[in-house]
Every structure is written in C-alpha cells, then in structure tokens.
Amino acid sequence: MPEKILVQADYILAWNEYFEIIIQGEIVIEDSNITYQGPRQERSLESFSRVISGDLVMPGFVNAHTHAAMTLFRGYADDIPLMEWLEKKIWPVEARLKKEDIYWGTLLAICEMIKGGTTCFADMYFHMEEVARACWESGIRASLAQGLIGLDKIKGMTGLKESKSLIQNWHRKGDGRITIMLGPHASYTCPPAYLQKVMKMAEQLDVPIHIHLAETRGEVEECLKVYGKTPVNLVNDLGLFEHDILAAHCVHLSPGEIDLLAEKEVAIAHNPGSNLKLGSGVAPLIDLLKKDALVSLGTDGAASNNNLDMVEEMRLAALLQKGLGEDARAIPAQTALKMATLNGSGALFLDEEVGTLRKGSKADLIIMQLKKPHLFPLHNLLAHLVYSAGSSDVDLVMVNGKVLMEKRKLLTIDEERVLFETQKRALELVKG
Ligand code: NI
C-alpha cells in the first residue's frame, strides 16, 4: 500500500497552467507524487495515513545556486571585493577543508534551508560525495556539481574523474532526489581547452553544466584582455550554450548578450544578495525577463550573502529592480515568487517536477503560517509572501512526500549536533 497523505489548507498556491490560488483546497499525496490538487472533496479520511492542515500550502523554494558547505565561513571574511575575497581569504581556508568538514558544513546549510522553506538546491563545491551523503540522509532534493578548476592539468583531470564517479554513484539516487551536473567553476578558472573536455563529458554522460558567468566587471575586462572576447561570447563560441547550462550571476551583460542567453535558453541563477554584498553589481533582470530568459533565484554561498534565505532573496530581487529602475511595476511579487519556485525547477533541468503543485509533480511543498501580526490583514497573499513574510513563517516542509520539518522542528537531522560540529570545525579551519 503506498503511503497516502492529505494536506488541507485555507489557501493553496498551486502554479497551475495559469496562476491560481485555491481557497479551502486540498492536496493528495501518494508516495512521492501529488495525485490531486483542487477544492476539498468528500473523502473517507480512513484511507489516509496522515491528514495535515495549515494556513497556506505552496511549492518549496528552489535555491538555484549555492555552495552549501561555505556555511563554515559565514561571517569569516566580509566587506572585501570578490577577487581579493577569494584569493586572500576563502581559497587558503578552503585548501584545508577535509571531507568531514564538507559533510557537516553541508548539513548546517541543509538545516538552514529546510527551516527557510527550501526543498531543493543546486550546489557547486568539492568532496561532493559528502554533500550527496548529507542530502541523502536529510531527505532534501539537490542537483550537485563538483567544482572544476582547469588551471592545473593534473587537478583538472582529477576533477573530471571525480565528477564521473560522482555521476556513477549518485545520479538519480535517493529516490531520484539527487541529480548531478558538471561544474566548471568559471571561464577565468577553466581555459577553453579544458571547457571543451567538460562539454565532451557532459554530452557523453548526458548531464547539464553549472558555471559562474559574467559575475564581475573585472572578470569581463580580464577576459577581453586575454581572449579578446567577453566571457559570454567566449563560452558561446566554444559551443557551451548548445548544452543544458545553468549560469550563475550573469551580472555584466551587453544587450546582445542578453538576447543570446534568452535565445539559447541558458538557465540563469540570479543572486542579488551575493552580488550586492561582494559589490559585484546588479544583474539586468528586467531586460532578461523582457526577453523571456529563464531566470531563477539563488543565494550563493553563506560566506558571501550571508544566509541561505530564499524569502529574503525574493524581496531583494524585487526591491532592487524597482529602486534602480525607478519603476514600482518592475518585478511584481508574482514574478519574484515564480523565480524562486517554478523557474528554479526549470533551471535545474527537473522538467517542472518541482516548484509547482500540479497533479503528477513531486510532493515538495511547504506550509506557511499566516496568522501572525506581520501578515495581517490579508489583502493580497502574493504581496505578503514577498514583501511581508519571513522564512521563519515556514511551519512544515515536505520533500518527495516525506515530512522533513514539522512545527519548525527538523525530523531528519540532529540540529544541535550539527551546530556543535560546525562551530568546532569552523574555528579549527580559520586557525590554520
Ligand atoms: Ni557561486
């Protein structure tokens, strides 16, 4: 007998064919899938193993770009620009990271993400077998990429070998929750010949590619100096956009490059918090969306954000563009919500399996509490979610039909132990 769960709510934010809020609705979950979503029906409750009720049910957030284990460096190196931040602070401590550090750092990130309503994330880092283990144990959904650096021939080849075994060991594992991508870090750390090797492997093994692209003005200037082309044109000329690509940042783009990204259907992970904090700039979000580019939302790592809070990221994405464009209509609440959910599913090449509560989609959902002073009175649900809510309003989190958090208590992770381990390990790491 498959496990059958009934979720009833005052409001269901469903993301149907067209945008819809169902009032006094319900969702039926059988095993990991949604089999009914709509108005309440006469049912015999005895056929359900559980009945859950709440104020608002909506799809879980998809964090489309992060480096989960960087939670270990949260608050360690702040107020420094990207290249200096990487070269002087982050890369030296990252060189000391051991496998177990990555495991615990990732678990800390997963604790934070689940508590904030994130049910799926795209990660790029190293020792990814440990990241996969943390995802497998915690029950969250993730698309994982080993970060590849191609500046050193031996390290570059080792990274590709590790990626291959990661795919063999983990792709579509954990009841399909875990998928693998290839993760060439960026065009400035992966020269053209190496990127070509990555593309060849992506084609052979049929996996998407996750890369950082056009994050800073300095990156674009350096690329022009070395190759006579911008990073976007460089990787396009190499044929990268003929593959399934998730490109993080895309801050510094010309109008022609915006057209190109949209036309080639490159999935973009917009990271407004990290771009602001590292002083990298603001991505041309309005122009990208005008051209129908697929834009999702990410937090980037916790050392450059400094949290993994998708509610905050939605608000930043919307407010930043309104202020900069002097246009209150720019990025309405509905667009911000869609970027944080359904578009994330597309960006992770999950074929709208998540980020929506349609019949047939995976049961990755969250329940938000609405009976709180900062959410009263209720005129417009979408406006509340983007402009008034906080991630701590998330009360229950379900991934693949399994409840991972209830009444804000994590059910699959020993939160206290994770806090203890990460504090101890983080202090040892920065001591050197
Ligand atoms: Ni990043």
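The residue numbering used here restarts from 1 in each chain and proceeds along that chain's sequence as written. Local features in this predicted model are restricted to residues whose pLDDT is 70 or higher, and side-chain atom pairs enter the listing and the counts only when it is 80 or higher, whereas totals over whole chains, interfaces and linings include all residues. Side-chain calculation: all heavy atoms of the structure are included, whereas hydrogens and water are not.

With that out of the way, let us pick up the state of the cysteines. Cysteine sulfur atoms are paired as a disulfide whenever they come within 2.5 Å of each other. Inspection of the entire model under this criterion finds zero disulfides. We note that C190 lacks a disulfide partner, and the nearest cysteine sulfur, in C223, lies 12 Å from it.

With that settled, the discussion passes to unusual backbone geometry. Cis peptide bonds are those with omega within 30 degrees of zero, and the linkage from N305 to N306 qualifies with 10°. Following F376, the chain continues into P377 via a peptide bond in cis, with omega recorded as -10°. Here P377 lies in the loop between β13 (365-368) and α14 (381-388). Even without glycine at this site, C250 takes up a positive phi of about 45°. Along the chain, the position of C250 falls in the loop between β10 (245-249) and α8 (255-263). Under the scheme applied here, a residue whose accessible area is under 20% of the maximum for its type counts as buried, over 50% as exposed, and between as partly exposed, the area being computed with a 1.4 Å probe on protein chains only. Taking the relative accessible area as the measure of exposure, C250 reaches 0% and is therefore buried. Located in the positive-phi region is K407, a residue other than glycine, with phi close to 50°. Numbering of helices and strands runs from the N terminus, with a helix taken as a DSSP run of H or I at least four residues long and a strand as a DSSP run of E at least two residues long. Assignment of secondary structure puts K407 in the loop between β15 (402-406) and β16 (409-410). Residue K407 is classed as exposed on the basis of its relative accessible area, which comes to 67%.

Before going further, it helps to examine the domain arrangement of the protein. Start and end positions for the domains come from either an automated domain assignment or a database one. By the assigned domains, the protein splits into domain 1 (4-60 + 361-410) and domain 2 (61-347). Using C-alpha coordinates to define each centre, domain 1 is positioned 28 Å away from domain 2. Should any heavy atoms of two residues lie within 4.5 Å, those residues are counted as being in contact. Tallying the contact residues gives 28 residues for domain 1 and 30 residues for domain 2. Summed over both partners, the interface of domain 1 with domain 2 buries about 2,300 Å², with 67% contributed by carbon and sulfur atoms. Considering only the surface of domain 1 that becomes buried against domain 2, W15, V386 and Y387 emerge as the three largest contributors, covering 28% of it. Salt bridge, as applied in this entry: a Lys or Arg side-chain nitrogen positioned within 4 Å of an Asp or Glu carboxyl oxygen. In this assembly, domain 1 and domain 2 are joined by one salt bridge. For D364, the salt bridge identified is with R141, shortest N-O distance 2.6 Å. Buried area is calculated as the accessible area (1.4 Å probe) missing from two parts once they are joined, with the contributions of both summed.

Moving on to the coordination of the nickel ion. Four donors placed tetrahedrally about a metal ideally form angles of 109.5 degrees, and six donors placed octahedrally ideally form angles of 90 or 180 degrees. Around the nickel ion, the donor atoms from the protein are H65 (NE2), H67 (NE2), H212 (NE2) and D300 (OD), and they sit 2.1 to 2.4 Å away. Sequence spacing of the donor residues for the nickel ion, all on one chain, is H-x1-H-x144-H-x87-D. Residue H212 is found in strand β9 (residues 209-213), and its partner D300 is found in the loop between β12 (294-297) and α11 (310-325); the two are separated by 88 residues along the sequence. Coordination shells were defined by N, O and S atoms within 2.8 Å of each metal, extended to 3.2 Å for Na, K and Ca; water is absent from the atom set, which can make sites look incomplete.

Now for the pattern of salt bridges. Inspection of every chain in the model, using the stated rule, returns 20 salt bridges. A salt bridge links K424 to E421, with the nearest nitrogen and oxygen atoms 3.7 Å apart. Placement of both K424 and E421 in helix α15 (residues 415-431) is noted, with a separation of three residues, approximately one turn of the helix. Its salt-bridge partner being R425, residue E421 comes within 3.0 Å of it at the nearest N-O pair. Residue E421 and its partner R425 are both found in helix α15; the two are separated by four residues, about one turn of the helix. Each member of the pair, E421 as well as R425, is classed as buried.

With respect to the helices and strands, the residue H243 is situated in the loop between α7 (231-238) and β10. Since its relative accessible area comes to 18%, H243 is described here as buried. The residues contacting H243, other than those within four sequence positions of it, are M199, A202, E203 and I209.

To pair, rings of Phe, Tyr and Trp, with the six-membered ring standing in for Trp, must have centres within 6.5 Å; the planes then decide the type, stacked if under 30 degrees apart, edge-to-face if over 60, and tilted in the middle. Applying the stated criterion to the full structure yields three aromatic pairs. For the pair Y103 and W104, a centre-to-centre distance of 5.2 Å together with 80° between the ring planes defines the contact as edge-to-face. In terms of burial, Y103 and W104 fall into one category: buried. Centroid distance Y125 to F126: 4.4 Å. Interplanar angle 15°. Geometry classified as stacked. Judged by its relative accessible area of 24%, F126 falls in the partly exposed class. Look at NZ for Lys and CZ for Arg. If either is within 6 Å of the ring centre and within 35 degrees of the ring normal, a charge sits over the ring. The aromatic ring of F48 is capped on one face by K4, whose charged end is 5.0 Å from the ring centroid. When the ring centre of Y76 is taken as reference, the NZ or CZ atom of K89 above it lies at 5.0 Å.

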